[in-house]
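# Reading the structure
As a plain string of letters, each chain reads:
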Amino acid sequence: MGKLVALVLLGVGLSLVGEMFLAFRERVNASREVEPVEPENCHLIEELETGSEDMEILPNGLAFISSGLKYPGIKSFNPNSPGKILLMDLNEEDPTVLELGITGSKFDVSSFNPHGISTFTDEDNAMYLLVVNHPDAKSTVELFKFQEEEKSLLHLKTIRHKLLPNLNDIVAVGPEHFYGTNDHYFLDPYLQSWEMYLGLAWSYVVYYSPSEVRVVAEGFDFANGINISPDGKYVYIAELLAHKIHVYEKHANWTLTPLKSLDFNTLVDNISVDPETGDLWVGCHPNGMKIFFYDSENPPASEVLRIQNILTEEPKVTQVYAENGTVLQGSTVASVYKGKLLIGTVFHKALYCEL
């Protein structure tokens, strides 16, 4: 009788494990392949060889790019080199890539591991760059001031807080004010692996200011990209493993109220917002399994979606770019400026297109 009970329990356990595995495969889109959709005028930016995980393009055409992210469990082509912030001027006929020097005696360049980035320009036209950083597998936000004449970044401050233990991306709403998404990779990669496998919705969004820090949205299955509408009234949050983008209404006291969600057949990563049209441009992973389990013979694909009129009842979603990894591996972000499109990746190159 005891053996029979044991066999039944074993069978139930194996069945549950099998169901969880199938659910995990569905959440990471393990079986999806893409049909190519490629603009005609695209070429790789060869200088970007260690990733371009996030980017932000200013209204004047200057593009800031974070490069060299070392992410637990994710491929890196140069794991021993510190990360960088790069600059491109999209007003140039053939834009080149410039590494920005970093000044400030209290900043350790050798441990720089940049992730999500965001910019804020004040009333005096001073431009600040906020960068999620993971020095020694921790999470901080580094505040820089962009010195345009010197083409460098002056480090002003390192921000740490107990509610910012595992940041992924941020959107600045002031020089020291931002919303940030938390996943659990840099807090505990082992815990995050189980969270991902079991589908535990433990990710959350925090509002940070020097005088107040609080959780403003929670219950996400891997909160990732975050951005804000041009009028500052709505916050957009990408829920990577749920394949969703959420729209939240932002209030004067910085709280957020859920408004609507959109579902996709892809893993949505970083969100860029066109300041002129309000369109969302989203870097996506068609097959997340290939990101988490890298195989050079079967590399991760890339995909870019454009979302128009997101606040209406029927937003228009267009697949602008899709490729199976032979050109661009693991797209994370896409941003536009005057008919020019930049597509970045977590560890690979970047693509420059004229639309």
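Residues numbered from 1 in each chain as written. Predicted model: local features only at pLDDT ≥ 70, side-chain atom pairs only at ≥ 80, totals over all residues. Heavy atoms only, no water.

Turning our eyes to something else, we now look at the overall build of the protein chain. The helix and strand inventory of the protein chain stands at three helices and 25 strands. By the burial criterion, 54% of the 355 residues in the protein chain qualify as buried. By sequence separation, contacts in the protein chain at least 24 residues apart represent 54% of the contacts at least 6 residues apart. Entry remark: accessible area of the protein chain is about 15,900 Å², with carbon and sulfur atoms responsible for 51%. (Helix = DSSP H or I, 4+ residues; strand = E, 2+ residues; numbered from the N terminus. Buried < 20%, exposed > 50% of the residue type's maximum accessible area, 1.4 Å probe, protein only. Contact = heavy atoms within 4.5 Å. Areas by Shrake-Rupley, 256 points an atom, 1.4 Å probe, with all protein chains shown as cover.)

Read from one edge of the open sheet, four strands run β2-β3-β4-β5, paired in antiparallel fashion. Only two strands of the sheet have a single neighbouring strand rather than two, namely β2 (54-57) and β5 (98-99). Of the strand pairs in this sheet, strand β4 (residues 84-89) and β5 are connected by two bridges, and their pairing is antiparallel. Residue Leu87 lies in a different strand from β5, and its bridge partner there is Leu98. (Pairing = 2+ DSSP bridges.)

The subject of this paragraph is the sheet that holds strand β21 (residues 302-308). Each strand in a sheet pairs with its neighbour through backbone hydrogen bonds, running either in the same direction (parallel) or in the opposite one (antiparallel). Spatial strand order, β19-β20-β21-β22: four strands in an open sheet with antiparallel pairing. On the outer flanks of this sheet lie β19 (267-273) and β22 (316-323), each paired with one strand and no other. Taken pair by pair, the neighbouring strands of this sheet meet at an average axis angle of 25 degrees, ignoring direction. With five bridges connecting them, strand β20 (residues 280-285) and β21 associate as antiparallel partners. (Axes fitted to C-alpha atoms, helices over the stretch in contact; angles between N-to-C directions.)

Mapped onto the elements, Arg27 comes out in helix α1 (residues 2-27). By relative accessible area, which is 14% here, Arg27 ends up buried. Polar contacts involving the side chain of Arg27 include one to the side chain of Asp221, which spans 2.8 Å. (Polar contact = N/O pair within 3.5 Å; in protein donor to acceptor, adjacent residues only side chain to side chain.)

Here the focus is the packing of aromatic side chains. This model, assessed by the stated rule, comprises 11 aromatic pairs. Taking 5.2 Å as the distance between ring centres and 80 degrees as the angle between the ring planes, the aromatic pair formed by Phe107 and Phe112 counts as edge-to-face. No difference in accessibility class separates Phe107 from Phe112, as the two residues are buried. With a centroid separation of 5.3 Å and an interplanar angle of 85 degrees, the aromatic rings of Tyr294 and Phe347 are classed as edge-to-face. With Tyr294 in the loop between α3 (288-292) and β21 and Phe347 in the loop between β24 (340-345) and β25 (350-354), this residue pair connects regions lying 53 residues apart in the sequence. Each member of the aromatic cluster is reached from another via a ring pair, and the members are Phe77, Tyr294 and Phe347. (Phe/Tyr/Trp six-rings, centres within 6.5 Å; stacked < 30°, edge-to-face > 60°.)

Our focus in this paragraph is the nonpolar core. In globular proteins that are soluble, nonpolar side chains generally tend to be buried together. Core analysis: the biggest nonpolar cluster contains 16 residues, and Tyr236, Ile245, Leu280, Ile307 and Ile310 have the highest contact counts within it. Elements with a contribution of two residues or more to this core: β16 (234-239), β17 (244-250), β19, β20 and β21. Apart from the residues lying within four places of it in its own chain, the contact partners of Leu280 are Tyr236, Ile245, Ile271, Ser272, Val273, Leu305, Arg306, Ile307 and Ile310. (Core = buried A, V, L, I, M, F, W, Y, C linked by side-chain atoms within 4.5 Å.)

This brings us to the side chain of Ser152. By secondary structure assignment, the location of Ser152 is in strand β10 (residues 152-159). Beyond its immediate sequence surroundings of up to four residues, Ser152 is in contact with Leu100, Gly101, Lys145, Phe146 and Gln147.

The subject of this paragraph is the UniProt feature "binding site: Ca(2+) 1" (unreviewed entry) in the protein chain. Per the UniProt record, "binding site: Ca(2+) 1" (unreviewed entry) is found at Glu53, Asn168, Asn224, Asp269 and Asn270. Maximum C-alpha separation among the annotated residues is 11.9 Å over a sequence range of 218 residues, consistent with a single clustered spot. With relative accessibility at 2%, the residue Asn168 sits in the buried group. What Asn168 contacts, discounting residues up to four positions off in sequence, is Tyr71, His115, Gly116, Val132, Thr181, Asp183, Phe222, Ala223 and Asn224. Position of Asn270 among the secondary structure elements: in strand β19. Not counting chain neighbours up to four residues away, the residues in contact with Asn270 comprise Glu53, Asp54, Asp169, Asn224, Gly225, Trp281, Val282, Gly283, Thr332 and Val333. (UniProt positions renumbered as here; feature names shortened; annotations may be inferred.)

We now examine a negative patch on the surface. On the surface, a cluster of negative charge is contributed by Glu47, Glu49, Glu92, Glu93, Asp94 and Glu354. On the secondary structure map, Asp94 appears in the loop between β4 and β5. (Patch = residues over 30% accessible without salt bridge, like charges linked within 9 Å, V, L, I, M, F, W, Y side chains within 5 Å. Salt bridge = Lys/Arg side-chain N within 4 Å of Asp/Glu carboxyl O. Lys, Arg positive; Asp, Glu negative; His and termini not counted. Charge placed at Lys NZ, Arg CZ, Asp CG, Glu CD.)

Let's shift gears to unusual backbone geometry. In this structure, Ala137 takes a positive phi of about 65 degrees despite not being glycine. Exposure remark for Ala137: the relative accessible area of 45% places this residue in the partly exposed category. Unlike most non-glycine residues, Lys151 shows phi in positive territory, near 50 degrees. Within the secondary structure layout, Lys151 lies in the loop between β9 (140-147) and β10.

Using the criterion set out here, one finds nine salt bridges in the structure. The salt bridge partner of Lys349 is Glu46, with a shortest N-O separation of 3.4 Å. Here the residue Lys349 occupies a position in the loop between β24 and β25, and Glu46 occupies one in the loop between β1 (41-45) and β2, the gap between them amounting to 303 residues. Residue Lys349 is classed as buried on the basis of its relative accessible area, which comes to 16%.

Next up on the list: the UniProt feature "glycosylation site" (unreviewed entry) in the protein chain. The positions UniProt marks with the feature "glycosylation site" (unreviewed entry) are Asn253, Asn270 and Asn324. Asn270 sits in the buried class, given a relative accessible area of 0%. In this structure the side chain of Asn270 is engaged in a polar contact, spanning 2.8 Å, whose partner is the backbone oxygen of Glu53. Every residue in contact with Asn324, bar those within four places of it in the chain, is listed here: Val34, Pro299, Pro300 and Ala301.

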